[in-house]
Structures are given as structure tokens and as C-alpha cells.
Amino acid sequence: MAEHSDKQTALVTGAAGGMGREIARILIARGIRTAVADVDGNGLAETVQGHETETLVLVGDLTGENAPENTIQAVISEWGQLDALINNAGYAIVEPFLEMTRTAWQRTLGINVVALALLTSAGGRVMKAAGGGRIVNITSPASRMALPDYAAYSASKAAVDSITRAAAVSLAPFGVLVNSLAPGMMDTEMQSSTEEAMARIGQRSDIEAFLAERTARIPLGRRAGISEVARTVVWLALDSPDYMIAERLNMSGGLDRD
Ligand SMILES: NC(=O)c1ccc[n+]([C@@H]2O[C@H](COP(=O)([O-])OP(=O)(O)OC[C@H]3O[C@@H](n4cnc5c(N)ncnc54)[C@H](O)[C@@H]3O)[C@@H](O)[C@H]2O)c1
């Protein structure tokens, strides 16, 4: 393995669009060598456009056999170190509780839980060997809500909270800091398809009114900006205090307040 360089490296999963793309672009702008992983190769190419030399594009399904371990190894092969891992890739499906399907559960848990846990473990191993690092998991306010039409997603994010706490304790002795962040409603592709499906199931044809009602539930009265949340994720990945671990940072405008 190469000598540990002063030039930091990061891996962002789910960086082909949405918040992952924004996180990757902020890291690149800060001079971090950034690896981006996603199943959507075209989206990744757009994310790193103009920065191909200081980035690494890893196209593939992270739920594949050995994919999490191979993804971490690809970063190590390229740069010899991994300083920050941001587990952002996610999948969400809306289906009525009484009509839930095995496919929905398997797909949701496969990426949101199993891949995230294995990436954290594999990333944790290389960070332990290097004497430190940071891992940020993206959870959701849904992890603590009763959402009958969103059970697989909320349960998957509750598992993320649990994995974050376990990983934080497991890796603390080795200087590896693990935290998570729960974003509020951000208008990404995932959020739009989720809300369209919720409106359909709720037999709401007035989608604009439906969305406005949901926004009105947020105490700050507006949705989260992708960029303001992404900046906070990067803060956790690079700048937050060394004494803060096992945290679930709430960036939901007060939606998640219990
Ligand atoms: N948008 C919101 O309002 C919101 C709220 C709370 C939490 N989150 C969380 O934030 C994170 C980012 O979400 P987003 O809104 O930007 O969603 P998004 O759908 O825009 O991005 C998710 C990315 O993950 C990738 N992905 C999904 N399954 C994959 C797999 N098996 N292998 C590789 N890549 C895969 C997708 O291709 C996509 O590029 C997710 O973890 C999501 O659960 C989002």
C-alpha cells in the first residue's frame, strides 16, 4: 500500500444524482480526491465532468456479491487510502402495508442496510489499519416515524441508526469517527417519486395541494435545500469535532423533533 498522503480521499455512494452528486461536487471543490459509486454510470460521468483526473468513477450495483468490499478495495488500489466514506446510496418504495411485497423489502434492505453495513465494515477495516478516518451514514426522519405505506424504507433507516451506533462503538478505539445525518424533505428524484406514489395511494389527484400540505408540516415552513444538507454531510465527513461520534444529526427543519 502507498504511503499515507496528505491529500485526503473520500468515497461517496449514490453520487449519480440527488444529494450524492452535490456531496461529491463539494468534496471535489475542497480539493479532496473523490471516488463516486453508483449503478448509474451516465449520472456519475456528469457528476465528475471536468474533474476526471482527481476522481474515480465506480459503476455497479452495490448490492452485488462482494460489491461493497470491491468498491473499498478499488479506492485503496487507486489512492492507497480512504479518509472519508459517505454511505448515501438509497432506495425507497411506497406500497400499502397490507400489500407489501418481498421484492420491495429485499431491494430496500439490500442497498439501504446490507450494502451500507458491509461498506462500513470494509471501510472501517482500512481506516483502522491507517489509524483513523470518518464515516457518515445517511438516515432519514422516517426511521422514527410510523409510516404504514413506507414500512420497508422506514425500517431500513432504523437499521441504519442501529448500524451507526454499533459502528461508532466498534471503530472509536481506532480513531475512526462514525456519525449519521437525517435530511428533511429534499426535492430529489427519490422524493418526487415517493410523493407521487403517496398521492396515488391516498387517492389525491391534487398533487400540488398534497405537496403543500406536506411542506406545511415542517416547522420551518420550507423543504430542505439539497446543497445546505450536502454541506452539512461534508462537515461531518471532514470538519466536525473529533469528540462527536454515534450522532444522528437532524437536518429536517424540525420535522423530526422527538
Ligand atoms: N430526498 C429526500 O427527501 C431524503 C430524505 C431523507 C433521507 N434521504 C436519503 O438521502 C440519500 C440520498 O437520496 P436522494 O434523495 O439524493 O435520492 P436519489 O434517488 O436521487 O439518489 C440515490 C442514488 O442511489 C443510487 N442507488 C440506489 N440503489 C443503488 C444500488 N443498488 N447500487 C448503487 N447505487 C444505487 C441511485 O442510482 C441514485 O443515484 C438516500 O440515502 C435517501 O434515503 C433522502
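As for the side chain of threonine 13
No. 1: Looking at the element boundaries, threonine 13 is found in strand β1 (residues 9–13).
No. 2: Separated by 2.9 Å, the side chain of threonine 13 and the backbone nitrogen of alanine 89 make a polar contact.
No. 3: Apart from residues no more than four positions distant in its own chain, threonine 13 is found in contact with Ala37, Leu62, Ile86, Asn87, Asn88, Ala89 and Leu119.

Concerning unusual backbone geometry
No. 1: Positive phi, normally seen in glycine, also occurs at asparagine 66, with a value near 65°.
No. 2: Relative to the helices and strands, asparagine 66 is located in the loop between β3 (55–59) and α3 (67–79).
No. 3: Positioned with a positive phi, alanine 246 is a non-glycine residue whose angle comes to about 60°.
No. 4: Looking at where alanine 246 falls in the secondary structure, it is placed in the loop between α8 (226–239) and β7 (248–251).
No. 5: Alanine 246 gets classed as partly exposed once you look at its relative accessible area, which sits at 35%.

Some thoughts on the site of the ligand
No. 1: As a structural note, the neighbourhood of the ligand is formed by 26 residues, with Asp38, Asp61, Asn88, Tyr153 and Thr188 the closest of them.
No. 2: Between the ligand and glycine 184 there is a distance of 3.4 Å, counted from an oxygen atom to a backbone nitrogen or oxygen.
No. 3: Within the complex, the protein chains bury 90% of what would otherwise be the 830 Å² of accessible surface of the ligand.
No. 4: Listing elements by their share of the shell around the ligand, those giving two or more residues are α1 (18–29), α5 (151–171) and α6 (189–201).
No. 5: Across the shell around the ligand, the residue classes tally to twelve nonpolar, eleven polar and three charged.

Cut-offs used in this document
- Residues numbered from 1 in each chain as written.
- Predicted model: local features only at pLDDT ≥ 70, side-chain atom pairs only at ≥ 80, totals over all residues.
- Heavy atoms only, no water.
- Helix = DSSP H or I, 4+ residues; strand = E, 2+ residues; numbered from the N terminus.
- Polar contact = N/O pair within 3.5 Å; in protein donor to acceptor, adjacent residues only side chain to side chain.
- Contact = heavy atoms within 4.5 Å.
- Buried < 20%, exposed > 50% of the residue type's maximum accessible area, 1.4 Å probe, protein only.
- Near = heavy atom within 4 Å.
- Areas by Shrake-Rupley, 256 points an atom, 1.4 Å probe, with all protein chains shown as cover.
- Nonpolar A, V, L, I, M, F, W, Y, C, P; charged D, E, K, R; others polar.

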